[in-house]
Amino acid sequence: MNASRTHAALLKLCTAAMMTAIVFVGNFLRVTMPVPLGGVTSFTLANILCALSGILLGPWYGFMAAGLGSFLYDCTNPVYAIEAPITLLTKGMYGLVAGLVLYYLFKNRREKYGPQVAAAFCAAVGYMLAYCVKNYFYNASIQGLTEPVQRWALVVSKMPATVVNGLIAVIFAPILGVALMKALRAAHLERILG
C-alpha cells in the first residue's frame, strides 16, 4: 500500500513537472504589441495552459505548474525578467483558482464541460483583477506614471489583450481538460488528476 502511494505521488509530481514545461513553452506562443504609454502587452496561449494545469492537477499542483512555467519563461525574457516573482504568484493563482473551483465546488462533475468552464472563468477573472492591480501599482511605478489617470490609462491600454486571453482560456482549456481527463481514465491514469 505504501509503495502504491509513493508511486501515485511520483506520478503526480512528474505530471506537474511536465505541465510546468508545457506552460513554459506555451508562453513562447505570443504576439507582443506596444501599448500607448510605453511597455508591451501580449496575446498569448499560455492562459489556456495555466487554467488546464488547475483543471487537471488540482489547486496546489496546478498553482505550481502554472506559476513555475510562467516564472521560468519570464526569467528567460529580458523584457519580463524583473516581473518574474510577480508572475509566479499571478499565473500560479490562475491554476490555483481553476483547481479550487473545479475540485471543491464540482467534486462529482469534474469531467463535465460546464464545471470546467466555470473553473476557467473564475480563474480568468481572478487573474484579470490581479493583472490590473499589478499594472496599476507596479508597472505604472516602473514607468514613472504618478497620476492616477495615467495609471488607469495604462491598465485600460492592456485590458483588450487580457480579456481576449481570458476568453480564449475559458473556451479552450475546458475542451482540452475534458478530452485529457477521458484519455487519462481510459489509460487507467486517473491517479494523476487532482
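Just so it is clear, the structure is predicted and the values come from calculations on it, not from any experiment.

J.: Go over the confidence of the model for the protein chain with me, naming the residues and quoting the values.
T.: Close reading of the predicted structure is inappropriate where its pLDDT is low. For the protein chain, the average pLDDT comes to 90, and 98% of its residues sit at 70 or higher. Per-element averaging of pLDDT across the protein chain places strand β2 (residues 40-44) at the bottom with 84 and helix α3 (residues 59-76) at the top with 96.

J.: So what's going on with the side chain of Glu83? Which residues, and what values?
T.: By the element assignment, Glu83 lies in the loop between α3 and α4 (84-105). A relative accessible area of 11% means that Glu83 is categorised as buried. For Glu83, the side chain forms a polar contact with the side chain of Lys134, separated by 3.0 Å. Side chain to side chain, Glu83 and Asn139 meet in a polar contact 3.0 Å long. Other than its neighbours up to four places away in sequence, Glu83 contacts Asp74, Lys134, Tyr138 and Asn139.

J.: Summarise the packing of aromatic side chains; cite the residues concerned and give the values.
T.: Under the criterion given, the structure shown has seven aromatic pairs. Measuring from ring centre to ring centre gives 6.2 Å for Tyr73 and Tyr80, while their planes differ by 40°; the resulting arrangement is tilted. Both residues of the pair, Tyr73 and Tyr80, count as buried. Aromatic side chains Tyr127 and Tyr131 sit 5.7 Å apart centroid to centroid with 25° between the ring planes, which places their arrangement in the stacked category. Of this pair, Tyr127 and Tyr131 both sit in helix α5 (residues 113-142), four residues apart, which is roughly one turn of the helix. The pair Tyr127 / Tyr131 is uniform in exposure class, with both members buried. Grouping aromatic residues by their ring pairs yields a cluster made of Phe24, Phe28, Tyr73 and Tyr80. Just above the ring of Tyr127 sits the side chain of Lys91; from NZ or CZ to the centre is 4.7 Å.

Quick notes on the rules
Residues numbered from 1 in each chain as written. Predicted model: local features only at pLDDT ≥ 70, side-chain atom pairs only at ≥ 80, totals over all residues. Heavy atoms only, no water. pLDDT = per-residue confidence, 0-100. Helix = DSSP H or I, 4+ residues; strand = E, 2+ residues; numbered from the N terminus. Buried < 20%, exposed > 50% of the residue type's maximum accessible area, 1.4 Å probe, protein only. Polar contact = N/O pair within 3.5 Å; in protein donor to acceptor, adjacent residues only side chain to side chain. Contact = heavy atoms within 4.5 Å. Phe/Tyr/Trp six-rings, centres within 6.5 Å; stacked < 30°, edge-to-face > 60°. Lys NZ or Arg CZ within 6 Å of the ring centre and 35° of its normal.

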